[in-house]
Amino acid sequence: MHTQCKRLGYARSRGWLGWLVLFWATGASAGVASAAPAAAIAAPPVIRLALDAPAFAPETIKVAVYLPPGYDATSSASIHYPVLYANDGQDMAAVGLQETLNRLYAEHAMRPVIVVAVDMLADRASGYGLSDRQAKRSLVGDSRIGPIGRHAYAYSDWVATQLVAYVDAHYRTQATRQGRTALGWSLGGLNAFNLGWQYPDVFGRVAAFSPSFWLAADRSSAQAIESSRLAQAMVNDATPHKELRFWFSVGAREETDDRNGNGIIDAVEDVQDLIGGYRAPDGSHVRGLRDLGYTVDMYYAHHPSHRAGVAFYVLPDGEHNQATWKRVLPVFLQWAYGTGQP
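Residues numbered from 1 in each chain as written. Predicted model: local features only at pLDDT ≥ 70, side-chain atom pairs only at ≥ 80, totals over all residues. Heavy atoms only, no water.

(A) Up close: the packing of aromatic side chains. All chains considered together, the criterion is met by 19 aromatic pairs. A centroid spacing of 6.3 Å and a plane angle of 40° characterise the contact between Trp 197 and Phe 246, whose relative ring orientation is tilted. Linking Trp 197 in helix H4 (residues 187-198) with Phe 246 in strand E11 (residues 245-251), this pair joins segments that are 49 residues apart in sequence. Here Trp 197 and Phe 246 have matching classes, each one buried. In textbook terms, an aromatic cluster arises when at least three aromatic residues are bridged by ring pairs, as seen for Trp 185, Phe 209, Trp 247, Tyr 300, Tyr 313, Trp 325, Phe 332 and Trp 335. For Arg 172, the ring lying beneath its charged end belongs to Tyr 71, and the centroid distance is 4.4 Å. A cation sits over an aromatic face here: Arg 229 above Tyr 278, 4.5 Å from the ring centre. (Phe/Tyr/Trp six-rings, centres within 6.5 Å; stacked < 30°, edge-to-face > 60°. Helix = DSSP H or I, 4+ residues; strand = E, 2+ residues; numbered from the N terminus. Buried < 20%, exposed > 50% of the residue type's maximum accessible area, 1.4 Å probe, protein only. Lys NZ or Arg CZ within 6 Å of the ring centre and 35° of its normal.)

(B) Local environment of the packing of H4 against helix H6 (residues 230-237). Relative orientation of the contacting elements H4 and H6 amounts to 15°, with a least axis distance of 11 Å. On the basis of the axis angle, H4 is roughly parallel to H6. Between H4 and H6 lies a crossing of left-handed hand. Only Ala 231, Met 234 and Val 235 of H6 make contact with H4, whose side of the interface consists of Leu 190, Phe 193, Asn 194, Trp 197 and Gln 198. (Axes fitted to C-alpha atoms, helices over the stretch in contact; angles between N-to-C directions. Parallel < 35°, antiparallel > 145°, perpendicular 65-115°, else oblique. Left-handed = near helix turned anticlockwise from the far one by under 90°. Contact = heavy atoms within 4.5 Å.)

(C) Focus on helix H1 (residues 97-106). Listed in full, the buried residues belonging to H1 are Leu 97, Thr 100, Leu 101, Leu 104 and Tyr 105. Seen from one end, H1 has its buried residues packed into an arc of 130°, which puts them on one side. On its buried face, H1 sits against strand E4 (60-66), strand E6 (114-118) and helix H8 (322-337). Phi for His 108, located one or two positions after H1, is positive at around 55°. (Arc of directions from axis to C-beta.)

Now the structure itself:
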(Lines give C-alpha, C1' and ligand atoms only; values in the text may rest on other atoms or scores of the structure.)
Protein backbone atom coordinates (compact mmCIF):
# COMPACT_ATOMS: atom_id res chain seq x y z
CA MET A 1 0.00 0.00 0.00
CA HIS A 2 1.37 3.38 -1.00
CA THR A 3 1.95 5.77 1.90
CA GLN A 4 1.89 9.45 1.13
CA CYS A 5 3.80 11.93 3.26
CA LYS A 6 1.96 15.19 3.82
CA ARG A 7 3.97 18.20 4.86
CA LEU A 8 2.34 20.13 7.67
CA GLY A 9 4.41 23.23 7.07
CA TYR A 10 5.49 23.57 10.66
CA ALA A 11 8.92 25.09 11.25
CA ARG A 12 10.38 26.70 14.31
CA SER A 13 13.56 27.11 16.29
CA ARG A 14 13.88 25.02 19.46
CA GLY A 15 15.43 27.84 21.48
CA TRP A 16 18.31 26.55 23.56
CA LEU A 17 18.82 23.68 21.16
CA GLY A 18 18.89 26.00 18.17
CA TRP A 19 17.38 23.37 15.90
CA LEU A 20 15.28 23.83 12.82
CA VAL A 21 12.54 21.25 12.98
CA LEU A 22 10.34 20.32 10.05
CA PHE A 23 7.42 18.03 10.75
CA TRP A 24 5.67 15.68 8.38
CA ALA A 25 2.89 13.20 9.16
CA THR A 26 2.38 9.91 7.38
CA GLY A 27 -1.16 9.42 6.12
CA ALA A 28 -4.12 11.72 5.69
CA SER A 29 -4.48 12.87 9.27
CA ALA A 30 -2.46 13.24 12.44
CA GLY A 31 -5.57 13.22 14.60
CA VAL A 32 -6.07 11.50 17.93
CA ALA A 33 -7.00 7.83 17.72
CA SER A 34 -10.47 6.89 18.85
CA ALA A 35 -11.02 5.27 22.22
CA ALA A 36 -11.08 1.68 20.97
CA PRO A 37 -9.57 -1.38 22.65
CA ALA A 38 -5.77 -1.23 22.59
CA ALA A 39 -5.44 -4.14 20.16
CA ALA A 40 -7.71 -2.37 17.64
CA ILE A 41 -6.10 1.08 17.75
CA ALA A 42 -4.03 1.83 14.67
CA ALA A 43 -0.52 3.16 15.05
CA PRO A 44 -0.35 6.97 14.98
CA PRO A 45 1.10 8.61 11.88
CA VAL A 46 4.87 8.55 11.56
CA ILE A 47 6.33 11.93 12.51
CA ARG A 48 9.18 13.02 10.27
CA LEU A 49 11.70 15.63 11.36
CA ALA A 50 14.71 17.37 9.89
CA LEU A 51 17.05 18.35 12.72
CA ASP A 52 19.97 20.70 12.59
CA ALA A 53 23.30 19.33 13.83
CA PRO A 54 26.04 21.99 13.74
CA ALA A 55 28.83 19.48 13.05
CA PHE A 56 27.14 18.45 9.81
CA ALA A 57 25.78 21.81 8.60
CA PRO A 58 24.36 22.60 6.13
CA GLU A 59 23.12 19.01 6.03
CA THR A 60 20.17 18.33 8.31
CA ILE A 61 19.60 14.94 9.89
CA LYS A 62 16.29 13.32 9.00
CA VAL A 63 14.52 11.43 11.75
CA ALA A 64 11.29 9.43 11.80
CA VAL A 65 9.38 8.85 15.05
CA TYR A 66 7.15 5.76 15.16
CA LEU A 67 4.70 6.06 18.05
CA PRO A 68 2.98 2.94 19.42
CA PRO A 69 -0.74 2.26 18.96
CA GLY A 70 -2.89 4.22 21.36
CA TYR A 71 -0.18 6.75 22.17
CA ASP A 72 -2.44 9.77 21.57
CA ALA A 73 -5.46 8.05 23.04
CA THR A 74 -3.75 7.06 26.28
CA SER A 75 -5.88 8.46 29.06
CA SER A 76 -3.05 8.85 31.53
CA ALA A 77 -0.11 11.14 30.78
CA SER A 78 1.79 9.19 33.43
CA ILE A 79 2.34 6.31 30.97
CA HIS A 80 5.83 6.51 29.50
CA TYR A 81 7.41 4.31 26.84
CA PRO A 82 10.85 2.83 26.19
CA VAL A 83 12.64 4.21 23.14
CA LEU A 84 14.49 2.32 20.43
CA TYR A 85 17.02 4.49 18.55
CA ALA A 86 17.80 2.99 15.15
CA ASN A 87 20.48 3.92 12.63
CA ASP A 88 19.84 3.70 8.87
CA GLY A 89 16.31 4.99 9.18
CA GLN A 90 15.99 5.06 5.39
CA ASP A 91 15.94 1.23 5.51
CA MET A 92 12.86 0.92 7.72
CA ALA A 93 10.47 0.10 4.89
CA ALA A 94 12.88 -2.47 3.46
CA VAL A 95 13.34 -4.22 6.81
CA GLY A 96 9.60 -4.13 7.49
CA LEU A 97 9.66 -2.11 10.69
CA GLN A 98 6.06 -0.89 10.68
CA GLU A 99 4.54 -4.18 9.55
CA THR A 100 6.60 -6.11 12.09
CA LEU A 101 5.55 -3.77 14.89
CA ASN A 102 1.91 -4.03 13.83
CA ARG A 103 2.04 -7.83 13.79
CA LEU A 104 3.77 -8.17 17.15
CA TYR A 105 1.40 -5.67 18.75
CA ALA A 106 -1.61 -7.52 17.32
CA GLU A 107 -0.25 -10.78 18.70
CA HIS A 108 0.43 -9.13 22.08
CA ALA A 109 4.00 -10.39 21.65
CA MET A 110 5.77 -7.12 22.52
CA ARG A 111 5.30 -4.14 24.76
CA PRO A 112 4.64 -0.70 23.22
CA VAL A 113 7.79 1.19 22.25
CA ILE A 114 8.67 4.48 20.57
CA VAL A 115 11.05 3.95 17.64
CA VAL A 116 13.28 6.84 16.59
CA ALA A 117 14.84 6.02 13.22
CA VAL A 118 17.71 8.24 12.06
CA ASP A 119 18.45 8.36 8.34
CA MET A 120 22.07 7.90 7.36
CA LEU A 121 24.12 10.98 6.59
CA ALA A 122 25.21 11.81 3.05
CA ASP A 123 28.61 10.34 3.91
CA ARG A 124 27.61 7.13 5.70
CA ALA A 125 31.17 5.86 6.06
CA SER A 126 32.17 9.06 7.80
CA GLY A 127 29.37 9.25 10.38
CA TYR A 128 29.09 5.59 11.35
CA GLY A 129 32.03 4.23 13.30
CA LEU A 130 33.73 4.25 16.68
CA SER A 131 34.76 7.06 18.99
CA ASP A 132 36.46 7.91 22.26
CA ARG A 133 34.01 9.95 24.32
CA GLN A 134 36.53 10.96 26.96
CA ALA A 135 39.06 12.20 24.41
CA LYS A 136 36.28 13.66 22.22
CA ARG A 137 37.68 12.12 19.06
CA SER A 138 36.79 9.58 16.41
CA LEU A 139 38.60 6.24 16.15
CA VAL A 140 39.14 6.02 12.41
CA GLY A 141 39.62 2.65 10.75
CA ASP A 142 40.80 1.67 7.31
CA SER A 143 38.81 -0.20 4.69
CA ARG A 144 38.71 -1.04 1.01
CA ILE A 145 36.63 2.07 0.41
CA GLY A 146 38.82 4.36 2.49
CA PRO A 147 38.65 5.73 6.06
CA ILE A 148 35.66 4.75 8.20
CA GLY A 149 34.30 6.89 11.03
CA ARG A 150 36.03 10.24 10.53
CA HIS A 151 33.04 11.99 12.10
CA ALA A 152 31.86 9.17 14.35
CA TYR A 153 32.43 11.16 17.53
CA ALA A 154 30.35 14.12 16.32
CA TYR A 155 27.52 11.85 15.18
CA SER A 156 27.50 9.61 18.25
CA ASP A 157 27.63 12.54 20.63
CA TRP A 158 24.79 14.28 18.78
CA VAL A 159 22.59 11.18 19.03
CA ALA A 160 23.40 10.47 22.69
CA THR A 161 23.07 14.04 23.94
CA GLN A 162 21.11 16.24 21.53
CA LEU A 163 18.69 13.81 19.89
CA VAL A 164 17.93 11.92 23.10
CA ALA A 165 17.29 15.21 24.91
CA TYR A 166 14.94 16.35 22.14
CA VAL A 167 12.96 13.09 22.15
CA ASP A 168 12.67 13.07 25.94
CA ALA A 169 11.42 16.67 25.87
CA HIS A 170 8.75 16.07 23.23
CA TYR A 171 7.44 12.56 23.90
CA ARG A 172 6.38 10.50 26.89
CA THR A 173 9.56 8.46 27.19
CA GLN A 174 11.16 6.36 29.87
CA ALA A 175 14.00 8.84 30.22
CA THR A 176 16.49 6.44 31.76
CA ARG A 177 19.30 4.31 30.39
CA GLN A 178 17.20 1.21 31.03
CA GLY A 179 14.53 2.68 28.79
CA ARG A 180 16.79 3.26 25.78
CA THR A 181 18.21 0.85 23.20
CA ALA A 182 20.55 1.52 20.27
CA LEU A 183 20.03 -0.52 17.08
CA GLY A 184 21.84 -0.76 13.77
CA TRP A 185 23.09 -3.07 11.03
CA SER A 186 26.40 -3.30 9.19
CA LEU A 187 28.30 -0.02 9.79
CA GLY A 188 25.18 1.20 11.58
CA GLY A 189 25.51 -1.80 13.89
CA LEU A 190 29.11 -0.87 14.60
CA ASN A 191 27.93 2.59 15.55
CA ALA A 192 25.09 1.21 17.68
CA PHE A 193 27.72 -0.69 19.65
CA ASN A 194 29.68 2.52 19.98
CA LEU A 195 26.65 4.41 21.29
CA GLY A 196 26.15 1.86 24.06
CA TRP A 197 29.81 1.40 24.88
CA GLN A 198 30.71 5.08 24.99
CA TYR A 199 27.44 6.28 26.53
CA PRO A 200 26.36 3.59 29.02
CA ASP A 201 24.73 6.31 31.10
CA VAL A 202 22.38 6.98 28.17
CA PHE A 203 21.73 3.54 26.64
CA GLY A 204 21.08 0.33 28.53
CA ARG A 205 20.90 -2.05 25.56
CA VAL A 206 22.57 -2.50 22.19
CA ALA A 207 21.39 -4.49 19.20
CA ALA A 208 23.77 -4.93 16.27
CA PHE A 209 22.82 -6.94 13.17
CA SER A 210 25.79 -7.97 11.01
CA PRO A 211 28.02 -5.44 12.79
CA SER A 212 31.18 -4.27 11.01
CA PHE A 213 33.51 -5.51 13.74
CA TRP A 214 36.09 -6.15 11.00
CA LEU A 215 37.07 -2.47 11.11
CA ALA A 216 40.81 -2.29 11.78
CA ALA A 217 43.56 0.30 11.98
CA ASP A 218 45.95 -1.72 9.81
CA ARG A 219 44.88 -3.69 6.74
CA SER A 220 48.34 -4.49 5.42
CA SER A 221 47.87 -8.23 6.03
CA ALA A 222 45.37 -10.70 7.43
CA GLN A 223 47.36 -10.88 10.66
CA ALA A 224 47.53 -7.08 10.88
CA ILE A 225 43.76 -6.83 10.51
CA GLU A 226 43.12 -9.38 13.23
CA SER A 227 45.55 -7.67 15.59
CA SER A 228 44.23 -4.12 15.05
CA ARG A 229 40.44 -4.53 15.01
CA LEU A 230 39.11 -1.44 16.75
CA ALA A 231 35.95 -2.69 18.48
CA GLN A 232 37.78 -5.69 19.95
CA ALA A 233 40.50 -3.34 21.22
CA MET A 234 37.89 -1.13 22.90
CA VAL A 235 36.56 -4.11 24.84
CA ASN A 236 40.04 -5.39 25.68
CA ASP A 237 41.09 -1.99 27.07
CA ALA A 238 38.00 -1.59 29.27
CA THR A 239 38.38 -1.99 33.01
CA PRO A 240 34.90 -1.70 34.53
CA HIS A 241 32.00 -4.02 33.91
CA LYS A 242 29.59 -1.77 32.03
CA GLU A 243 25.92 -2.26 32.89
CA LEU A 244 24.84 -2.96 29.33
CA ARG A 245 23.00 -5.75 27.58
CA PHE A 246 23.87 -6.83 24.04
CA TRP A 247 22.05 -8.65 21.25
CA PHE A 248 24.21 -9.53 18.25
CA SER A 249 23.15 -11.34 15.10
CA VAL A 250 25.08 -12.56 12.06
CA GLY A 251 24.15 -14.50 8.96
CA ALA A 252 26.26 -17.60 8.32
CA ARG A 253 26.25 -16.81 4.58
CA GLU A 254 27.25 -13.16 4.77
CA GLU A 255 30.58 -13.76 3.04
CA THR A 256 33.20 -16.36 2.22
CA ASP A 257 36.26 -14.50 3.59
CA ASP A 258 38.22 -16.44 6.21
CA ARG A 259 41.36 -14.51 7.22
CA ASN A 260 43.00 -17.18 9.32
CA GLY A 261 41.74 -20.21 7.43
CA ASN A 262 40.01 -21.81 10.42
CA GLY A 263 36.77 -22.53 8.59
CA ILE A 264 34.77 -19.73 10.24
CA ILE A 265 33.84 -16.77 8.06
CA ASP A 266 35.14 -13.42 9.29
CA ALA A 267 31.65 -11.95 9.85
CA VAL A 268 30.93 -14.62 12.47
CA GLU A 269 34.40 -14.76 13.97
CA ASP A 270 34.66 -11.00 14.46
CA VAL A 271 31.59 -11.08 16.69
CA GLN A 272 32.72 -14.26 18.46
CA ASP A 273 36.06 -12.62 19.27
CA LEU A 274 34.42 -9.48 20.63
CA ILE A 275 32.20 -11.60 22.87
CA GLY A 276 34.55 -14.34 23.99
CA GLY A 277 37.99 -12.86 23.42
CA TYR A 278 40.65 -14.53 21.31
CA ARG A 279 44.27 -15.58 21.17
CA ALA A 280 46.32 -12.98 19.30
CA PRO A 281 49.04 -14.01 16.82
CA ASP A 282 51.70 -13.18 19.43
CA GLY A 283 50.09 -15.60 21.89
CA SER A 284 48.51 -13.01 24.16
CA HIS A 285 44.84 -13.16 25.11
CA VAL A 286 42.68 -10.28 23.91
CA ARG A 287 39.75 -9.94 26.28
CA GLY A 288 36.12 -10.08 25.21
CA LEU A 289 32.86 -9.24 26.92
CA ARG A 290 32.88 -12.58 28.74
CA ASP A 291 36.23 -11.69 30.30
CA LEU A 292 34.70 -8.47 31.65
CA GLY A 293 32.09 -10.46 33.56
CA TYR A 294 29.17 -10.56 31.16
CA THR A 295 27.05 -13.69 31.08
CA VAL A 296 26.88 -14.98 27.52
CA ASP A 297 24.42 -17.00 25.45
CA MET A 298 26.27 -17.99 22.27
CA TYR A 299 23.35 -20.10 20.97
CA TYR A 300 20.34 -17.82 21.23
CA ALA A 301 18.73 -19.37 18.14
CA HIS A 302 18.55 -22.74 19.90
CA HIS A 303 17.51 -21.69 23.40
CA PRO A 304 16.47 -18.03 23.56
CA SER A 305 16.91 -16.64 27.03
CA HIS A 306 16.56 -13.19 28.54
CA ARG A 307 18.91 -13.91 31.41
CA ALA A 308 22.27 -13.51 29.67
CA GLY A 309 23.89 -10.11 29.34
CA VAL A 310 25.03 -10.97 25.82
CA ALA A 311 22.96 -12.90 23.28
CA PHE A 312 24.40 -14.12 19.96
CA TYR A 313 21.95 -15.13 17.24
CA VAL A 314 23.25 -16.83 14.08
CA LEU A 315 20.90 -17.22 11.13
CA PRO A 316 22.20 -20.21 9.13
CA ASP A 317 21.08 -18.94 5.73
CA GLY A 318 21.36 -15.24 6.58
CA GLU A 319 23.17 -12.88 4.26
CA HIS A 320 24.41 -9.31 4.53
CA ASN A 321 21.28 -7.59 3.28
CA GLN A 322 17.99 -6.01 4.25
CA ALA A 323 16.02 -9.18 3.58
CA THR A 324 17.97 -10.96 6.32
CA TRP A 325 17.68 -8.06 8.75
CA LYS A 326 13.92 -8.08 8.14
CA ARG A 327 13.83 -11.68 9.34
CA VAL A 328 16.02 -10.92 12.35
CA LEU A 329 14.07 -7.83 13.44
CA PRO A 330 11.10 -9.58 15.13
CA VAL A 331 13.43 -11.95 16.98
CA PHE A 332 15.32 -8.99 18.41
CA LEU A 333 12.16 -7.01 19.24
CA GLN A 334 10.83 -9.90 21.29
CA TRP A 335 14.19 -10.18 23.08
CA ALA A 336 14.12 -6.49 23.96
CA TYR A 337 10.39 -5.86 24.47
CA GLY A 338 8.73 -9.26 24.51
CA THR A 339 5.70 -9.96 26.68
CA GLY A 340 6.43 -13.63 27.06
CA GLN A 341 3.61 -14.61 24.72
CA PRO A 342 4.53 -17.28 22.14
